[in-house]
Amino acid sequence: MPKVTVRYWAAAKAAAGVAEEPYDAATLADALTAVRERHPGELTRVLQRCSFLIDGDPVGTRAHETVRLAEGGTVEVLPPFAGG
């Protein structure tokens, strides 16, 4: 199982209480399930409005189950930004 870093930005960072965390996850869906289990409160609600970058590439509308993660990869969690 790949080890990845999940980085939180703006409201996601505030809800998680940390800037980043390591996870073992094969897909984006796996990583987000683990995030929701670790942070069942506000972060779960924030994630519904977020977009995601995997190693700098936007996920867009792809199903999260189909987005494979690589060993040492990074998942960026980007909530909507005011004025952005």
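Residues numbered from 1 in each chain as written. Predicted model: local features only at pLDDT ≥ 70, side-chain atom pairs only at ≥ 80, totals over all residues. Heavy atoms only, no water.

Take the overall build of the protein chain next. From N to C terminus, the protein chain includes three helices and five strands. Reading the secondary structure of the protein chain in the N-to-C direction produces β-α-β-α-α-β-β-β. Compactness check: the protein chain gives a C-alpha radius of gyration of 12 Å against a globular reference of 12 Å for 84 residues, within 12% of the reference. Counting only C-alpha atoms, the protein chain reaches 35 × 25 × 20 Å along its principal axes. Within the protein chain, buried positions represent 42% of all 84 residues. Within the protein chain, residue pairs in contact and separated by at least 24 positions form 58% of the contacts whose partners lie at least 6 positions apart. Accessible surface, the protein chain: about 4,800 Å² in total, of which carbon and sulfur atoms supply 54%. (Helix = DSSP H or I, 4+ residues; strand = E, 2+ residues; numbered from the N terminus. Rg over C-alpha atoms; globule rule 2.2 N^0.38 Å. Buried < 20%, exposed > 50% of the residue type's maximum accessible area, 1.4 Å probe, protein only. Contact = heavy atoms within 4.5 Å. Areas by Shrake-Rupley, 256 points an atom, 1.4 Å probe, with all protein chains shown as cover.)

Before going further, it helps to examine unusual backbone geometry. Of note, the phi angle at Ala10 is positive, near 50 degrees, even though the residue is not glycine. Note that Ala10 resides in the loop between strand 1 (3-8) and helix 1 (11-16). Overall, Ala10 belongs to the partly exposed group, its relative accessible area being 39%. Phi angles above zero are rare outside glycine, and Asp55 is one such case at about 50 degrees. Take Asp55: it is sitting in the loop between strand 3 (51-54) and strand 4 (57-58).

Ranked by size, the top nonpolar core spans 23 residues in total, and within it Tyr8, Leu28, Leu43, Phe52, Val75 and Val77 carry the most contacts. Looking at this core, the elements with two or more residues in it are strand 1, helix 1, helix 2 (28-38), helix 3 (42-47), strand 3 and strand 5 (74-78). It is helix 2 that provides the largest number of residues to this core, a total of five residues. With near-sequence residues (within four places) excluded, Leu43 lies in contact with Tyr8, Ala12, Ala15, Ala16 and Val35. (Core = buried A, V, L, I, M, F, W, Y, C linked by side-chain atoms within 4.5 Å.)

Below, the discussion takes up the pairing of strand 2 (residues 20-24). Residues in a regular strand point their side chains to alternate faces of the sheet. What you see with strand 2 is a clean split: Glu21 and Tyr23 sit on the buried side and Glu20, Pro22 and Asp24 on the side with no burial. As defined by bridge partners, strand 1 adjoins strand 2 across five bridges and the pair is classed as antiparallel. For Thr5, the partnering residue across the bridge sits in strand 2 and is Pro22. (Pairing = 2+ DSSP bridges.)

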